[in-house]
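What follows is the residue order along each chain.
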Amino acid sequence: MNFETAVFYFFSAILLFAGVRVITARNPVHAALFLVLAFFTAAGLWLMLEAEFLAITLVLVYVGAVMVLFLFVVMMLDINLDKLREGFWDYLPLAAIVATLMVLEMAVVLGGKQFGLSAVPAPIAHAANYSNTKELGRLLYTDYVYPFELAAVILLVAIVAAIALTMRRRKHTKYQDPAQQVKIKRADRIRMVSMPSEKTVLAEPVTQPEK
């Protein structure tokens, strides 16, 4: 076993441990921190595969933005942990079936020779000045330009749908209509009222009581 293989098994063991702790930790904050650890170890595995751009994107986007949001939400909300764990065992059979299918798929992919399938080719060694970011951009905008544009349209539709669901009118909710605000006139806001002047009433002098 060489050094690269040892590092791979080391990161893989940490990733599996962190993934298990994400779903078994009792404290939601601890689960989110274990998920951060899983992201970091996955980024380390991607670095070993010479995918530096994907690794740094995983750290910056998920760890630096998404997980910080998760932690803020978990710490600000008053989560009832007992109620949260009520349906854990109900979903365990379905989770076991999905996990078994994933293990079988990985076994077919990694053990292609044993199943009579073509083995996965080994990664090609690149030069020191090789840029996987440039290669990724070239593939996205040449060979996979139509799937890339389709994914962009789907994301745009999802954003518009989220905004539409958030901004829809609800009963007993105060909202402003910009069109009605633009049409407003000064006479609609200010009304001059003519009131008669009040008469001045002189205060009577206060008499001191006799001693």
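Residues numbered from 1 in each chain as written. Predicted model: local features only at pLDDT ≥ 70, side-chain atom pairs only at ≥ 80, totals over all residues. Heavy atoms only, no water.

A.B. asks: Help me understand the overall build of the protein chain, please; the structure alone is not making it clear to me.
C.D. replies: Looking only at helices and strands, the protein chain features nine helices and zero strands. Helices (α) and strands (β) of the protein chain occur, in sequence order from the N terminus, as α-α-α-α-α-α-α-α-α. Here the protein chain holds 211 residues, and the buried ones make up 12% of them. Taking the contacts inside the protein chain whose residues are at least 6 apart along the sequence as the reference set, 54% of them involve residues at least 24 apart. (Helix = DSSP H or I, 4+ residues; strand = E, 2+ residues; numbered from the N terminus. Buried < 20%, exposed > 50% of the residue type's maximum accessible area, 1.4 Å probe, protein only. Contact = heavy atoms within 4.5 Å.)

A.B. asks: Quick question: what am I supposed to make of the packing of helix α3 (residues 52–76) against helix α6 (residues 132–140) here?
C.D. replies: Two numbers describe a pair of packed helices, the interaxial angle and the distance between the axes. Where α3 contacts α6, the axes come no closer than 8 Å and their chain directions differ by 90°. The pairing of α3 with α6 is recorded here as roughly perpendicular in orientation. Listed contacts from α6 to E52, F53 and L54 of α3 are N132, T133 and L136. For the contact of α3 with α6, the per-class residue count stands at three nonpolar, two polar and one charged. (Axes fitted to C-alpha atoms, helices over the stretch in contact; angles between N-to-C directions. Parallel < 35°, antiparallel > 145°, perpendicular 65-115°, else oblique. Nonpolar A, V, L, I, M, F, W, Y, C, P; charged D, E, K, R; others polar.)

A.B. asks: Help me understand the nonpolar core, please; the structure alone is not making it clear to me.
C.D. replies: In a soluble, globular protein the nonpolar side chains are often hidden away together inside. Core analysis: the biggest nonpolar cluster contains 11 residues, these being A32, V36, F39, A42, A43, A55, L58, V59, V63, M67 and L71. Going through the elements one at a time, α2 (28–48) and α3 are the ones with two or more residues in this core. The element contributing the most residues to this core is α3, with six residues. When neighbours within four sequence positions are excluded, V59 is seen to be in contact with F40, A43 and G64. (Core = buried A, V, L, I, M, F, W, Y, C linked by side-chain atoms within 4.5 Å.)

A.B. asks: When you look at the pattern of salt bridges in this model, what are you seeing that I'm missing?
C.D. replies: Side chains that differ in charge, positive against negative, can pair when their charged atoms come close. Counting across every chain of the model gives one salt bridge. Of the charged contacts in the structure, one is a salt bridge between R138 and E135, with a shortest N-O distance of 2.6 Å. With R138 and E135 both in helix α6 and three residues apart, this pair spans about one turn of that helix. For R138, a relative accessible area of 42% puts it in the partly exposed group. Taking relative accessible area as the criterion, E135 reaches 26% and is therefore assigned partly exposed. (Salt bridge = Lys/Arg side-chain N within 4 Å of Asp/Glu carboxyl O.)

A.B. asks: So what exactly am I meant to see when it comes to a nonpolar patch on the surface here?
C.D. replies: A surface patch of nonpolar side chains, amounting to about 760 Å² of accessible area, comprises W46, L49, F53, L54, I56, L60, V61 and Y62. Ranked by the residues each element gives to the nonpolar patch, the list is headed by α3, at six residues. Within the element layout of this structure, L49 appears in the loop between α2 and α3. Taking the relative accessible area as the measure of exposure, L49 reaches 61% and is therefore exposed. (Patch = residues over 30% accessible without salt bridge, like charges linked within 9 Å, V, L, I, M, F, W, Y side chains within 5 Å. Areas by Shrake-Rupley, 256 points an atom, 1.4 Å probe, with all protein chains shown as cover.)

A.B. asks: Just to check I follow, could you spell out the UniProt feature "transmembrane region" (unreviewed entry) in the protein chain for this structure?
C.D. replies: The sites that UniProt annotates as "transmembrane region" (unreviewed entry) are residues 6–24, 31–49, 55–79, 91–111 and 144–165. Between the end C-alpha atoms of residues 6–24 there is a gap of 27 Å, over a span that is 100% helix and 0% strand. (UniProt positions renumbered as here; feature names shortened; annotations may be inferred.)

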